[in-house]
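# Architecture at a glance
One letter stands for each residue in the lines below.
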Amino acid sequence: MSILVTGGAGFIGSNFILDWAVRSDELVINLDRLTYAGNPANLATLADPARYLLIQGDIGDGELVADLLARYRPRAIFNFAAESHVDRSIHAPGTFIQTNVVGTFTLLEIARIFYVSLRGDEERDFRFIHISTDEVYGSLNPADPPFTETSLYAPNSPYSASKAAANHLVRAYFHTYGLPTVTTNCSNNYGPFQFPEKFIPLMILNAINDLPLPIYGDGLQVRDWLHVADHCAALRLVLEKGRPGETYNIGGDQEKTNWEVVTTICDILDRLKPRLDGHSYREMIRRVQDRPGHDRRYAICADKLKNAMGWQPTRNFTEGLVTTIDWYLRESAWLKSVNSGAYRDWVDKQYGLTAGVGAL
Ligand code: NAD
Ligand code: DAU
C-alpha cells in the first residue's frame, strides 16, 4: 500500500512524512515542486526507496499526477502543497492562485478520474485529505468566540483567499462527484524545519545573528499556536476516522499575542544562549510597518475533531518553544542551507527599506 503526499518537502509535510515513517512501512510518494520552501534534506534520513520516494514535480501537472496514481495506486492523497506565506502573497499573488487554486483543481480532477476506476476495498478506503487553514474564516474581535467549522468564510489576504477557493473546490468535488474528500483547517504551526520567513523561526534566526526582531504594528495580533507534531497526529486520525465530505478544525487552544511570543523566545534564548554582551535579546525587538490587511486575531474551536476522534493537543506552548529553539540552535547546518541568496533577497525586499519605525 502507499500514500501520496504533495508538498512533503516543506515544513508540515516533512514533519508528517518523518512521523509517518516511524509508524508505518507503507510507501510514501512525495510529489513536491521544490520551490524555495521545499527542502529534500529534511527527509535525508529516509534512505529506503521501498518506503520513500521523492518526485520533483507540480501538482498542476495533470499528466504526471495521473501517472503517479496509476503506477502506485495510493490509498490516500494528502495535499499539503501550497504557497504558504501571507507576506509573499501580498507582493506576488499570481503564484498563490496558480498553485493553491489551479494546482488543487488539477489534483482533484485527476484524483476524481482515478477514483472512478477503483473497485472494492480500494474504492471504499480511498481518501483525498486537503490541508487548509483557519485564515479562510478571516479575523476575530477580542470577545468573539473561536472559529467553528460553520463560521462564514471571510478571507482577507491573497493567500487566504486562494486557500478558501481551494476549499470550495474540494467541497464541490465531494458533493458533485462523490470524491471522498476531507478538509482540515488548522491554526498556526511551529516546530522543526519551518522556513525562517515565518514569525517564530525568523525571530530565532535573527536573534542568534544579532539582527533586529521585526514586530508588525503594535504586536498585539493574536494567533493560536499548535506544535506541528500535534497537527500531524490529527491528520493521521483524520485519514483513519474522518467522514468524507466533512471539515475538521485543528487548533492548539494556545492564543498568544505576537508580543508574548517574541518576548518568550527572547527569554528562552537568554537562558539557552546568553548574548556575549550580557544584554537581553529583548533589546533587539523593533516595531516595523504593519502587514497590509493584517488579521487581528485567530482562534480555533477543535471540539468536532476532539469529540469525533479523541484528539487533543499534547504540547504546552512554552515547553514546545524550548524544544523548537533547541532544535534550531543544534541544526546550524540546516539553517545555513536555507539561508541562501534567495532568502536574503526576500528579507531585503520585505524588511530592508520599510523596516524600523522605532524601538518599542
Ligand atoms: P511550506 O511553504 O513550508 O511548504 C510548501 C511545500 O509545497 C514546499 O515543499 C513546496 O516546494 C511545495 N510546493 C509549492 N508549490 C507546489 C506545487 N505547485 N506543486 C508541488 N509542490 C509544491 O508550507 P507549510 O507551512 O508546510 O504548509 C503546508 C500546508 O499546510 C499548506 O497547504 C498551508 O496552507 C497549510 N497550513 C499551514 C499552516 C502553518 O502554520 N504553516 C497552518 C495551517 C495550514
Ligand atoms: O493560521 C494559519 C496560517 O499561519 C497558515 O495558513 C499560514 O500558512 C502560515 O504562514 C501562518 O500565517 P500567519 O500570517 O499567521 O503567520 P506568520 O508566521 O507570517 O506571522 C505570524 C504573526 O506574526 C502574524 O500576526 C504576523 C506577525 N509577524 C510576522 C513576521 C514574519 C511579525 O510581526 N513580524 C514578522 O516579521
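Residues numbered from 1 in each chain as written. Chains lettered and ligands numbered in written order. Predicted model: local features only at pLDDT ≥ 70, side-chain atom pairs only at ≥ 80, totals over all residues. Heavy atoms only, no water.

## Let's talk about the packing of helix α7 (residues 199–208) against helix α11 (residues 317–330)
Contact geometry of α7 with α11 gives a least axis separation of 11 Å together with a crossing angle of 50°. As judged from the angle between their axes, α7 and α11 are oblique. For the pair α7 and α11, the crossing hand works out as right-handed. When α7 is examined against α11, the residues Ile200, Pro201, Ile204 and Ile208 are found in contact with a partner set consisting of Phe317, Leu321, Ile325, Tyr328 and Leu329. The residue inventory of the contact of α7 with α11, partitioned by class, reads 9 nonpolar, no polar and no charged. (Axes fitted to C-alpha atoms, helices over the stretch in contact; angles between N-to-C directions. Helix = DSSP H or I, 4+ residues; strand = E, 2+ residues; numbered from the N terminus. Parallel < 35°, antiparallel > 145°, perpendicular 65-115°, else oblique. Left-handed = near helix turned anticlockwise from the far one by under 90°. Contact = heavy atoms within 4.5 Å. Nonpolar A, V, L, I, M, F, W, Y, C, P; charged D, E, K, R; others polar.)

## Concerning the side chain of histidine 85
Mapped onto the fold, histidine 85 is located in the loop between β4 (76–79) and α3 (86–91). According to the relative accessible area criterion, histidine 85 is buried, its value standing at 3%. (Buried < 20%, exposed > 50% of the residue type's maximum accessible area, 1.4 Å probe, protein only.)

## Notes on the sheet that holds strand β5 (residues 127–133)
Across the sheet, which stays open at both edges, the 7 strands sit in the order β3-β2-β1-β4-β5-β6-β10 with parallel pairing between neighbours. Edge strands, defined here as strands with exactly one partner in the open sheet, are β3 (52–56) and β10 (247–250). Between one strand and the next, the sheet's axes are offset by a mean angle of 20°, whatever the strand orientation. By the bridge criterion, 4 bridges tie strand β1 (residues 2–6) to β4 in an arrangement that is parallel. Bridging across to β4, isoleucine 3 finds its partner in alanine 76. Strands in contact with helix α1 (residues 11–23) are β1, β2 (27–32), β3 and β4; relative to β1, the strand with the most contacts, it is inclined by about 165°. Its contacts with the sheet put helix α2 (residues 62–72) on β1, β2, β3 and β4, and the angle it makes with β2 is roughly 175°. (Pairing = 2+ DSSP bridges.)

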